[in-house]
Structures are given as structure tokens and as C-alpha cells.
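For reference, the chains in residue letters:
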Amino acid sequence: MLSALNAERASLARQDPDHPLFHVAPPVGRLNDPNGLIVDSGTYHAFFQYTPEHPRKLVYWGHARSTDLVHWTYLPPAILPDSRQDRNGAYSGTAIGTDDGVELWYTGNYKDADTGEREATQCVVTTPDLRRFTKVVPPVIASQPEGYTAHFRDPQVWRDPDDPQGSYRMLLGAQREDLTGTVLLYRSSDLREWHCEGELSFPDAGGAFDRFGYMWECPNLVRLRDEESGHDRDVLIFCPQGIAPEREGFENVFPCVYMVGELVGTEFRGADGDYWEVDRGFEFYAPQVFADRARAWGRADPALLLGWAGNAGEDDQPSISTGGWVHALTAPRGLALADRRLVQRPHLPGLPLEHIGFPDSVDGDGARVAALESSRSWRFSASLAHEPGACLEMRVGADSGLVIRLSESLLEVDRSRTRYPHGGIRRVSLEPGWAGSVEVVHDRSITEIFLGGGRLAFTLRSFLEGAGSGLALGTAGGAVRVADARAARAD
């Protein structure tokens, strides 16, 4: 703990003008996956993979809390890699409320220094108040089942809403010995004695997921009400490594996907082989949904998601040299379903949108309409109607290098002239109606775009050139009518 706290005390991150104001970012060093997300009596706790002595690869669980999901207080690390079971890192996991407080479930990583052999165990830390943390030793699940490799990690634990006895279930990402990915299901009556029920199967998918990549990371299950049908559906979110679909998208180092169905026993019924990316942006991985300490089913209401705005192997970012930190989490997103498709809407109660004066249309004469001048952390939303052939051009920070172009059928995000070294231009084909509304959330060096009322999400790191403040709108090829323009500033 002392080495982590010393690194934080010496940190220059908060003085870095790229360090986000209302997104969770590391106090020092490296951040990656969100972990142990839980709401306790109106306070949101976000734990996260945290390497305070980066590039030394020793992973803790960092800890931040907020009452409005905008103003975050950073606390000392909650889980330390200080026992044999997690000597080489306390890896990803989730939280669950109990009668005695909260349990943080995580994967302990141990690597034999002589043989290089790796052990992955499923571990727990108990806390009565999310301030004091006690590690349970030895691990609760000491090894993977026969037939699987040590790539066995990222537990999600919840109370089964469909079991009148109130048993607990666990999802675990896994790799079979034939080097294909899957998810394992466990069950317990007391959170300590667990038995493996088997692999999650997809009886209606025609074998589409039998050999789907070489590892499934960060599985998360959430039950949502479909806004179109009114039916409750289960949504499985996970990160399959090693897939290469022959269709648009899936351009990041590893993708994050979801599918919709119904979990019955170990069967995920109704999933017919279709799957979609959770986020189409340059940086997005390992999302997790908030639990709620007080709810029997365990999920927060509304369902809220945070993701890692990063990719594996892409740590060489401008913030390393300017502030000694790297990566951030996304803004919280409220989740819903609409006709079996995931909908994500920014959920920032501490940064409410207000109506602003704005022209009824942006004409296609090359002129720009400015908004949010002098602000480097803000959100903006509007309803749009494009004339045939018109393209809306949104410049974040004037001539800072980030340009968002939106026509009725295409989103183009161009950051090739920013200071960010990975990935320049990405284009996303739009379904009908998606260009009818836009929300942009921008916080110094991270930008999130939402179209069609949240039917498409696009996350990117945006290290802008120069002062990089505000937003300017222009058009090409025709006018774009603007209605219900709203905005909020965080600085």
C-alpha cells in the first residue's frame, strides 16, 4: 500500500490539462477495467484495475466514489496484491451486497517465477462499509475445472432472481484446452462452496458460438425491459478475443459484444447467432454494470454501465509524458433495450442538460455556429433533420484536430490531426433514424458520441491540439435543422 500511496502523492496527473474532470481516471499510473461497480445508499463506488507504479506490472484495485456520477473522490486502493493468491495482480471482478456488507469478487493471478506456470483463482474481499477491506485466504475457487486452461477469470456474482431458495450464481470467462473461448457457470447457496454447472450454451444459435474466438473476457449479464415489447430480456455482454467477423466494425484490438436472450439454467435461449458491438468507437473494452447493495437481484435501477476507454497494448499516450497517467473510464450510461437492441444514454445527474439559444438550422454556406466557448469539459445534445445530401460537421475545440461528420447514412470521426497516436479515421454506417439526434460528451481528452437516442455509442480518446475548447457546427451539401439544443459545462 505504501508504494502506491507514495506514487499518488508524487503524482502530477491532476495538474495535467488532459486529465478528465468528470470521468474516472487514475490518480497516477495506469487504469484499465472497471471493477466491483456498486451503489450503496445513493453513493456510487467504482473500483478499477490500477497500476500506480506503471510501467511496473503490479495490479491493484483502485477506488473512487461519487453521489452524482460527476464529482469523484479517490480513495486508497481497496485490494492489494499482497498475498500468494494475487502476488502477480488482483485482476477483474464484480461486487455483490450481502447481509454483512459487500463482497468484492476478483481473480487472483500468480505466476511461478521459476517455471512461468500461471495460476488463476477466484478470490473475495469482504467489507462492512466500503472503507475497511478484509481479504479471504485461501481463494474460494482454487483452480479451473478439468478441460480448461488457466485463462479463467473475471467473475460476476449475483443472487439468482429465478431461484426461490435464493442461491447465488457466478459467470466466469474461460478458455478450453483446445484454445477456444467460453463462459462457465457456477452456483452456490452460501457464497463459499461453489459447484460448476457447466458451460453457457446457446441452443438456438446453430453452433455460431461453439468456436467463437480463443478467450471470452469480462462476461456480464444484465436483465432489461425491452421498450418496444415490454418483455424482460437477459443481455450477455462479453469480450471475445480472436474473432474476425466479415462485416463492418470489430476494428479494435479486441471487440466487446452483446447478445439478447433468456438465461434458463445453463442455456441462453433465444440467442439466434446474432451479436453486436457494444460501442463502435476507437477505444472501448471490458464494460461492467453497477450492482446495488440493497436490491435482491443485485442490479442498480436504472441499469448503469461503465467501460474502459482503452485498448490492450496502447499505453503510449501523451498523458504518460505530461502527467504520468494513462487511460480513463467512460461516462456512466443508462441501459435499455429497444426491439432487442441495446440502447445507451449518458447518465450524468451531476451535469444536467439545459436548453440553450441556438439557430434553428445550420446552413450549408461554410459558416460555423459556435457553442460552449472556452469550455473543455461539457455535454451537448440536439435533434437534427438533414436536407437531402447534407452533412453536419462538428469540430470539437475549433481547429484542435477532432472532426465529427454526420450525414443521414454515415458517421465519420476524424482524429488524425489530434495528438493521439493510435487510429485516425473511422466510418460507421447508420441505420435509418440514427442521425435524427446526437449527444456529445467531451471531457478534456475523452469524447463519447451517442446517436439515435443511444442506439449507437462511439467512444474515443481525443488529445486535442492547442487550447481545444468548445464546439463549432457547420454543414456541407445542404442545411441541417436543429431543435431542442441543450448543453452543460463541467468547468
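Bear in mind that the values here come from a model prediction, so they are computed numbers and not experimental data. (Residues numbered from 1 in each chain as written. Predicted model: local features only at pLDDT ≥ 70, side-chain atom pairs only at ≥ 80, totals over all residues. Heavy atoms only, no water.)

A. Quick look at the sheet that holds strand β5 (residues 90-98). Taken together, the 4 strands give an open sheet; going across it, the order is β5-β6-β7-β8, and neighbouring strands pair in antiparallel fashion. The open sheet is flanked by β5 and β8 (134-135), the only strands paired with a single partner. Sheet analysis places strand β7 (residues 118-127) next to β8, joined by 2 bridges and oriented antiparallel. Bridging across to β8, V125 finds its partner in K135. (Pairing = 2+ DSSP bridges. Helix = DSSP H or I, 4+ residues; strand = E, 2+ residues; numbered from the N terminus.)

B. The arrangement of the nonpolar core in detail. Counting 39 residues, the largest nonpolar core has L224, V235, I237, Y258, V278, F290 and L335 as the members making the most contacts within it. Counting residues per element, the ones that place at least two in this core are β1 (29-40), β2 (43-51), β13 (215-225), β14 (232-241), β15 (257-264), β18 (285-289), β20 (304-308) and β22 (333-338). Sequence-distant contacts of I237, that is, excluding residues within four places in its chain, are made with C218, P219, N220, C256, V257, Y258, V278, P287 and L305. (Core = buried A, V, L, I, M, F, W, Y, C linked by side-chain atoms within 4.5 Å. Buried < 20%, exposed > 50% of the residue type's maximum accessible area, 1.4 Å probe, protein only. Contact = heavy atoms within 4.5 Å.)

C. Structural detail: the pairing of strand β4 (residues 73-79). Taken together, the 4 bridges between strand β3 (residues 60-66) and β4 define a ladder with antiparallel strand orientation. Paired with H63 across the strands is L75, a residue of β4.

D. View of the pattern of salt bridges. If you walk through the whole model with that rule in mind, you get 37 salt bridges. Of the charged contacts, one joins D129 and R132 as a salt bridge, the two residues approaching to 2.8 Å between their closest N and O atoms. Of the charged contacts in the structure, one is a salt bridge between R176 and E199, with a shortest N-O distance of 2.9 Å. Taken together, the residues span a long stretch of sequence, with R176 in strand β10 (residues 168-176) and E199 in strand β12 (residues 194-199) at a distance of 23 residues. A residue is classified by how much of its surface remains accessible, and R176, at 15% relative accessible area, is buried. On the basis of relative accessibility, which here comes to 25%, the residue E199 falls in the partly exposed class. Each of E393, R395, R405, E412, D414 and R427 takes part in a single network of salt bridges with overlapping partners. (Salt bridge = Lys/Arg side-chain N within 4 Å of Asp/Glu carboxyl O.)

E. Focus on the pairing of β20. Counting buried positions along β20 yields 5 of 5 residues, so the element is predominantly enclosed. Relative to β22, β20 is paired through 2 bridges, and the arrangement is antiparallel. From the neighbouring strand, L305 faces β22, where its bridge partner is R333.

F. Spotlight on the side chain of T418. Among the structural elements, T418 can be located in the loop between β30 (410-414) and β31 (425-429). Within the structure, the side chain of T418 is placed 2.8 Å from the backbone oxygen of R415, a separation counted as a polar contact. In terms of polar contacts, T418 uses its side chain to reach the backbone amide nitrogen of Y420, at 3.2 Å. Apart from residues lying up to four places away in sequence, T418 is in contact with S400, G401, L402, F463, L464 and E465. (Polar contact = N/O pair within 3.5 Å; in protein donor to acceptor, adjacent residues only side chain to side chain.)

G. Just the domain arrangement of the protein chain, in detail. Parsing the protein chain into structural domains produces domain 1 (1-346) and domain 2 (354-489). Here the C-alpha centroids of domain 1 and domain 2 sit 30 Å apart. Taken together, the 39 residues of domain 1 in the interface contact 38 residues of domain 2. Of the roughly 3100 Å² buried between domain 1 and domain 2, counting both surfaces, carbon and sulfur atoms make up 49%. Per-residue buried area on domain 1 facing domain 2 is highest for R280, F282 and P346; these three make up 22% of the total on that side. Our count for the domain 1 to domain 2 interface comes out at 6 salt bridges. Of the charged contacts, one joins D18 and R376 as a salt bridge, the two residues approaching to 3.8 Å between their closest N and O atoms. (Domains from an automatic or database assignment. Buried area = accessible area lost by both parts, 1.4 Å probe.)

H. Inspection of the sheet that holds β22 at higher detail. Taken together, 4 strands build an open sheet; the order of strands is β18-β20-β22-β23 and the sheet is antiparallel. The sheet is open, and its two edges are formed by β18 and β23 (341-346), each paired on a single side. Averaged over all pairs of adjacent strands, the angle between their axes in this sheet comes to 40 degrees, without regard to strand direction. (Axes fitted to C-alpha atoms, helices over the stretch in contact; angles between N-to-C directions.)

I. Looking closely at the environment of P20. By the secondary structure assignment, P20 is in the loop between α1 (2-9) and β1. A relative accessible area of 6% places P20 in the buried class. Excluding anything up to four places from it in sequence, P20 contacts A25, W325, A328, D443, R444, S445 and I446.

J. Layout of the packing of aromatic side chains. Evaluated as defined, the whole model comprises 23 aromatic pairs. Where W105 meets W194, the ring centres are 5.7 Å apart and the plane angle is 80 degrees; that geometry is what we call edge-to-face. One end of the pair, W105, is in strand β6 (residues 101-111); the other, W194, is in strand β12, with 89 residues separating them in the sequence. For the pair F209 and F212, a centre-to-centre distance of 5.2 Å together with 85 degrees between the ring planes defines the contact as edge-to-face. (Phe/Tyr/Trp six-rings, centres within 6.5 Å; stacked < 30°, edge-to-face > 60°.)

K. Highlighting the state of the cysteines. In total, this model carries 0 disulfides according to the counting rule given. There is no disulfide at C196, and the cysteine sulfur nearest it, in C123, is 17 Å away. Given the relative accessible area of 32%, C196 is considered partly exposed. (Disulfide = S-S within 2.5 Å.)

L. Spatial organisation of unusual backbone geometry. Of note, the amide linkage connecting H54 to P55 takes the cis form, showing an omega dihedral of 15 degrees. Looking at the element boundaries, P55 is found in the loop between β2 and β3. Between V137 and the following residue, P138, the backbone shows a cis peptide bond with an omega angle of 5 degrees. When you line up the elements, P138 lands in the loop between β8 and β9 (148-159). Non-glycine residue H327 carries a positive phi angle of around 85 degrees. Assignment of secondary structure puts H327 in the loop between β21 (325-326) and β22.

M. Fine view of the side chain of N32. Position of N32 among the secondary structure elements: in strand β1. Here the side chain of N32 touches D33 through a polar contact of 3.2 Å, side chain to side chain.

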